[in-house]
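# Architecture at a glance
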Amino acid sequence: MKIGVLREQASNETRVALVPSMVSILKKANHEVLVEAAAGAKAMFPDEKYSEAGAEIVAESAALFEKCDLLLKVQPLADGEIDALREGQTFVGYMAPFTQQKSVKKIAAKKVTSFAMDFIPRISRAQSMDALSSQATVAGYYAVLMAANLLPKFFPLLMTAAGTIAPATVLVLGAGVAGLQAIATAKRLGAKVEAFDPRTAVKEQVMSLGAQFIEMEMPEDMETSGGYAKEASEEFIKKEHEAIGARLPKVDVVITTAQVFGKTAPLLITEEMVKQLRTGSVIIDLAAEQGGNCALTKAGKVLVKHGVTIDGTLNLPAKLPVHASQMYSKNVTNLLKHLYGTESGELDFEDEITKGACITHGGEIVNEFLKSRM
């Protein structure tokens, strides 16, 4: 196939869908790779590196839409890009199909086969393709750096001639991939770390990183068979707020990471709970794009309420574009190898990964989970 790498259009996106080191892998599989000029520039991958790896640099995106069989991107396709698609083409990238339903319908109408990186099934044999997890690793790490920058205190314990400085206390809400990386990073910076998650199965992982696990009564199983967190009942939410609220007067930083796949993020911190935090405390809300885990979070904004800094910065992986791009690119390459690695080269829609990640095919929206939510 001819595979095209599009330059990202979003102003806050610095990543690139394919890095030069992955070009040679695709070429060994007898694919041609075309890269839009400056596609990797913001991620520190200049055009020369792509040329050295064997890719063809194309000046305008229009040529990619015209020549390529398969197109790669990080962010969902913009309206103009969807208009440029040709029947029979394939697209691989994030699609945000729950919030971009009009775009999904337009892509289907174009008779384009699309695979959403945000719909890779969370099963063991798909781990190497799981872009949500790889990018959550970046977000969890960077969230702690943001908190350390905003907090008017040291993170580590310091023994100085001017006295002993107690370590900052960091509370991480949610112990998925982002949460675990936040725990590990905060510990490396010397903070005292506590973590809360409604899934008791993660307690051992939290404690293995040196953090204290906050216990509470668990009246229900909070994890789906697909490995995602489930929506909670009102009774559970009340107990959850009580458990979290009891810790807030003693912490300096709260990093919230809780999300429910395909739904608004759960509310973990009410405005009254924010008031319990010390003056100067910091909340980093990684669920800001899905509505936020804190009632006062504003997506894309950093604000101060009741003496607490609440950071709703979006797209944290784009803050570290070199490694974020490398990880995403590896996920994409592994997916392509899986999709087209059969002897016939044809897509196998009986396969769980192929079926789960495919959003549109043959002029229709084919993803059953998405259709059930539309």
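Summary of the structure given here. Computed from a predicted model, the values in this text were never measured in an experiment.

Secondary structure assignment for the protein chain yields 13 helices and 17 strands. Taken over C-alpha atoms, the radius of gyration comes to 22 Å for the protein chain, in line with the 21 Å a tight globule of 374 residues would show. Seen through its C-alpha atoms, the protein chain measures out along the principal axes to roughly 65 × 45 × 35 Å. For the protein chain, with 374 residues in total, the buried portion stands at 49%. A fraction of 64% describes how many contacts in the protein chain between residues 6 or more apart in sequence connect residues 24 or more apart. Total accessible area computed for the protein chain in this model is approximately 16,800 Å², and 51% of it derives from carbon and sulfur atoms. For the protein chain, the distance from the average site of its 40 positive side-chain charges to the average site of its 44 negative ones is 4 Å.

To continue, consider the pairing of strand E12 (residues 253-256). Covered by surrounding structure in E12 are Val253 and Ile255 together with Val254 and Thr256, the residues of both alternating faces. Pairing analysis gives four bridges linking strand E9 (residues 169-173) to E12, with the strands arranged parallel. Its bridge partner lying in E12, Val172 is registered against Ile255. The pairing of E12 with strand E13 (residues 282-285) spans four bridges and is classified as parallel. Among the inter-strand pairings, Ile255 is bridged to a residue of E13, identified as Ile284.

With that settled, the discussion passes to the pattern of salt bridges. Under the definition given, this model contains 17 salt bridges. One salt bridge connects Lys73 with Glu8, and the closest N-O pair in it is separated by 3.6 Å. With Lys73 in the loop between strand E4 (70-72) and helix H4 (79-84) and Glu8 in the loop between strand E1 (2-5) and helix H1 (20-28), this pair connects stretches of sequence that are 65 residues apart. The same class applies to Lys73 as to Glu8, namely buried. Its salt-bridge partner being Lys106, residue Asp83 comes within 3.5 Å of it at the nearest N-O pair. Highlighted residues: Asp83 in helix H4 and Lys106 in helix H5 (residues 101-109), separated in sequence by 23 residues.

Bringing the nonpolar core into the picture now. Counting residues in each nonpolar core, the largest one holds 37 residues, and the members touching the most others are Leu72, Val92 and Leu336. Taken together, the elements giving at least two residues each to this core come down to E1, H1, strand E2 (32-36), helix H2 (47-53), E4, helix H11 (321-339) and helix H12 (352-357). Considering every element that reaches this core, the biggest residue donor is H11, with five residues. If sequence neighbours within four positions are ignored, Leu72 has contacts with Ile3, Gly4, Val5, Leu6, Ala17, Leu18, Val92, Val332 and Leu336. Ranked by size, the runner-up nonpolar core spans 30 residues in total, among them Leu151, Val206, Ala211 and Val282.

Let us look at the sheet that holds strand E15 (residues 308-311). Ordered in space as E11-E10-E9-E12-E13-E15-E14, the seven strands form an open sheet in which the pairing is mixed. Strand pairing shows two members of the sheet lacking a second neighbour, strand E11 (212-213) and strand E14 (302-305), which therefore form its edges. Here helix H6 (residues 131-150) sits on the sheet and contacts E12, E13 and E15; the angle it forms with E13, its principal contact strand, is near 155°.

Here is what the cut-offs are and how they apply
Residues numbered from 1 in each chain as written. Predicted model: local features only at pLDDT ≥ 70, side-chain atom pairs only at ≥ 80, totals over all residues. Heavy atoms only, no water. Helix = DSSP H or I, 4+ residues; strand = E, 2+ residues; numbered from the N terminus. Rg over C-alpha atoms; globule rule 2.2 N^0.38 Å. Buried < 20%, exposed > 50% of the residue type's maximum accessible area, 1.4 Å probe, protein only. Contact = heavy atoms within 4.5 Å. Areas by Shrake-Rupley, 256 points an atom, 1.4 Å probe, with all protein chains shown as cover. Lys, Arg positive; Asp, Glu negative; His and termini not counted. Charge placed at Lys NZ, Arg CZ, Asp CG, Glu CD. Pairing = 2+ DSSP bridges. Salt bridge = Lys/Arg side-chain N within 4 Å of Asp/Glu carboxyl O. Core = buried A, V, L, I, M, F, W, Y, C linked by side-chain atoms within 4.5 Å. Axes fitted to C-alpha atoms, helices over the stretch in contact; angles between N-to-C directions.

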